[in-house]
Amino acid sequence: MVLDYIKRVDPEVAGLIDAELKRQQTTIELIASENFTSRAVMDACGSVLTNKYAEGKPYKRFYNGCDNIDKTEELAQKRAKKLFNMAHANVQPHSGAQANMAVFMAVLKPGDNVLGMDLSNGGHLSHGSPVNFSGLYFNVKSYGVDENGSLDYDDVLKKAKEHKPKLIICGASNYSKIIDFKRFRQIADEVGAYLLADIAHIAGLIAGGVHPSPAGFAHFVTTTTHKTLRGPRGGIIMCDEEFAQTIDKAVFPGMQGGPLEHIIAGKAVALLEASQPEFKVYAQNIVKNAKALAQGLLDNGMEIVGGMTENHLMTLDLRNTGKTGKDMANVLECVGITANKNTVPNDPRSPFVTSGIRLGAAAATTRGFDEFAMREVAFIISEAIKNSENKEVLEKLREKSLALCKKFPLYETMKEG
Ligand code: DSN
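From a predicted model like this one, the values you see are computed outputs, not experimental measurements.

Rules of the game
- Residues numbered from 1 in each chain as written.
- Predicted model: local features only at pLDDT ≥ 70, side-chain atom pairs only at ≥ 80, totals over all residues.
- Heavy atoms only, no water.
- Buried < 20%, exposed > 50% of the residue type's maximum accessible area, 1.4 Å probe, protein only.
- Helix = DSSP H or I, 4+ residues; strand = E, 2+ residues; numbered from the N terminus.
- Contact = heavy atoms within 4.5 Å.
- Polar contact = N/O pair within 3.5 Å; in protein donor to acceptor, adjacent residues only side chain to side chain.
- Phe/Tyr/Trp six-rings, centres within 6.5 Å; stacked < 30°, edge-to-face > 60°.
- Pairing = 2+ DSSP bridges.
- Axes fitted to C-alpha atoms, helices over the stretch in contact; angles between N-to-C directions.
- Near = heavy atom within 4 Å.
- Nonpolar A, V, L, I, M, F, W, Y, C, P; charged D, E, K, R; others polar.
- Salt bridge = Lys/Arg side-chain N within 4 Å of Asp/Glu carboxyl O.
- Right-handed = clockwise from strand over helix to strand, strands pointing away.

## Regarding helix H7 (residues 153–163)
And step 1. All of the buried residues in H7 are Tyr153, Asp155, Val156, Leu157, Ala160 and His163.
And step 2. Buried residues along H7 sit against strand E5 (113–117), strand E6 (139–143), strand E7 (167–170) and helix H8 (181–191).
And step 3. Here H7 starts with a cap whose side-chain oxygen sits 3.1 Å from the backbone nitrogen of Asp154, and that cap is Asp152.
And step 4. Directly after H7, the chain includes Lys164, whose backbone phi takes a positive value near 50°.

Pasting the structure below:
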C-alpha cells in the first residue's frame, strides 16, 4: 500500500493497514457483504474532498466553495439514477441502515405499522428488529421464509392484510433466491402501503443485469455501495420524483449533517465502473461462482438452506453435523477462509452461536476466482468442517487456500510495507 505519509507520521497505524492488506491478500474472503473496491475508488475516498463541508444539496449549500463538490455529487446522482433506472437519487446516506432510517423518517410517524423480513430469516436489523430504531419506534410485524428457504408471497400478503402496514420492506441480508419485486408491489398496492426495496446485497447483480430490478415497482430503493456493487462503504436512496424532496429533507437536515463528499466521489467512480460492459461479465461470474461453490458443497455432503443459490450467497446448514456456526467460522478462519456465522431459519441456537455459516462469492470473483477455484474452495470448507479437530488436515487445507490466493492475486500493484 502507498502509505508513505502515514508511515512517517504514524508508523503504528501504517503497520496495521499493511497487515490488513496482507490479510486480505492471503485469505479467501467469503463474507457475502464484502468486496474489494478498485484503486480508483480508494483514490477518491482518500482525496482532499474529505476537507469540505457541504451541508445541503448540490448548488443549494450552506457553505461556500462547493463548486467542485457540487459537480462531483451531481455526477454521482446522475450515474445512480441511470444505472438503476430511478427518477431521483440521494447519494449522501453514510450507510445502508441510515438510508433505511431516512425512508422511515420520510413516510412514517413513530408507532406506524411496518412489515419487514425477520432478521433471523435473512432480513436486516433496520427492517424492524426489536433492538434497532426500526423496531423500537415503529410497530413492526415480520415475515420469514418457508422450509425451503423461499419467500412465501401468499403469507406476506396475509400478514400485510392483518397488519395493514404503511410501509412494506423487501430485500434481505441473507436470502439466496430471486426477489419478485412485482409481487411485492402488488401486495403493497392491495393494502395501500409504500414499498421499500433494500437492494444492498444485490445492487451489483441488478446493475449487471443478473437480478430483476425493483425500478417501476418500489416507491423507494435503498442500497449500500460496498457489497456486490463494489464501491466505497456508504449508502444511496432512490425514489420516484414525487418523493424527492421528502427524502432529501429526511437525510439532511433530518438525520445527517455534512455529507462525506470524498466517499460520494468514490460512489461516483464505482457507479461509472458498474455501468461498463466488464461489470456485466463480473456480475455473471459472481452468480456462476456462487453456484459452483454451492454445487461443490452439496457434492461434498454439506447442506445448504434452500439448496442451490440463485444469486451471490448461500447459508451452509450445519444442523446435521452437530457443529455450530460460531465454531466452524473460526475453523474456516484457521484454514484461511473468512466467513460469518449466521442463523438458519428457525435456528435452535442463539444468534451468537448459530447453526449456519453465510458464504458469498462477490469478493473472490473480484480477484478472479473461477468456477474451478470455487469448487476447490468448497472442498476446503467441507473438509475443514469434517476434520475440525484434526490439526494436520487443517494445516494442509491452509496451504491449499494460500495457493489459491497466490494464483489469484489481489492489489498486486500496491507497494507494501
Ligand atoms: N452487515 C451487512 C451484512 O453482512 O449483510 C448488512 O448490513
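Alright, that's what it looks like, and here's the rest.
## Here's the deal with the packing of aromatic side chains
And step 1. Under the defined criterion, the tally for this structure stands at twelve aromatic pairs.
And step 2. Ring centres 5.2 Å apart and planes at 15° place the aromatic pair Tyr53 and Tyr63 in the stacked group. Here Tyr53 is found in the loop between helix H3 (39–45) and strand E2 (56–57), whereas its partner Tyr63 is found in the loop between strand E3 (60–61) and helix H4 (67–84), with ten residues between them in sequence.
And step 3. Ring geometry for Tyr194 against Phe220: centres 5.9 Å apart, planes inclined by 75°, an arrangement best described as edge-to-face. Here Tyr194 is found in strand E8 (residues 194–198), whereas its partner Phe220 is found in strand E9 (residues 220–224), with 26 residues between them in sequence.

## Points about the sheet that holds strand E14 (residues 340–342)
And step 1. Strand order in the open sheet formed by four strands is E11-E12-E15-E14, and the pairing between neighbours is antiparallel. The open sheet is flanked by strand E11 (303–304) and E14, the only strands paired with a single partner.
And step 2. Set on the sheet, helix H13 (residues 325–334) makes contact with E14 and strand E15 (356–360); between it and E15 the angle comes to about 45°.

## Things to note about the site of the ligand
And step 1. If you check the shell around the ligand, you find Ser33, His124, Ser173, His201, Lys227 and Arg358 and nothing else.
And step 2. Take Ser33: an N or O atom from its side chain is 2.7 Å from an oxygen atom of the ligand.
And step 3. Take His201: an N or O atom from its side chain is 2.6 Å from an oxygen atom of the ligand.
And step 4. Within the shell around the ligand, the residues separate by chemical class into no nonpolar, four polar and two charged.

## Things to note about the pattern of salt bridges
And step 1. On inspection of all chains with the given rule, the structure shows 13 salt bridges.
And step 2. For the salt bridge of Asp112 with Lys166, the shortest nitrogen-to-oxygen distance reads 3.5 Å. You can see Asp112 sitting in the loop between helix H5 (96–107) and E5 and its partner Lys166 sitting in the loop between H7 and E7, a full 54 residues away along the chain.
And step 3. The salt bridge partner of Asp155 is Lys159, with a shortest N-O separation of 2.9 Å. Placement of both Asp155 and Lys159 in helix H7 is noted, with a separation of four residues, approximately one turn of the helix.
And step 4. Owing to a relative accessible area of 26%, Lys159 belongs among the partly exposed residues under this scheme.
And step 5. Overlapping salt bridges, with partners in common, bring together Arg61, Asp70, Glu73 and Glu261 in one network.

## Observations regarding the pairing of E7
For a regular strand, the rule is simple: side chains alternate between the two faces of the sheet.
And step 1. Here E7 shows no split at all, with Leu167 and Ile169 on one side and Ile168 and Cys170 on the other all buried.
And step 2. In the sheet, E5 pairs with E7 via two bridges, with the strands oriented parallel. Bridged to Val114 within E7 is Leu167.
And step 3. Assessed by its sense of winding, the connection that carries the chain from E7 through H8 to E8 is right-handed.

Geometric values such as these leave the question of function open.
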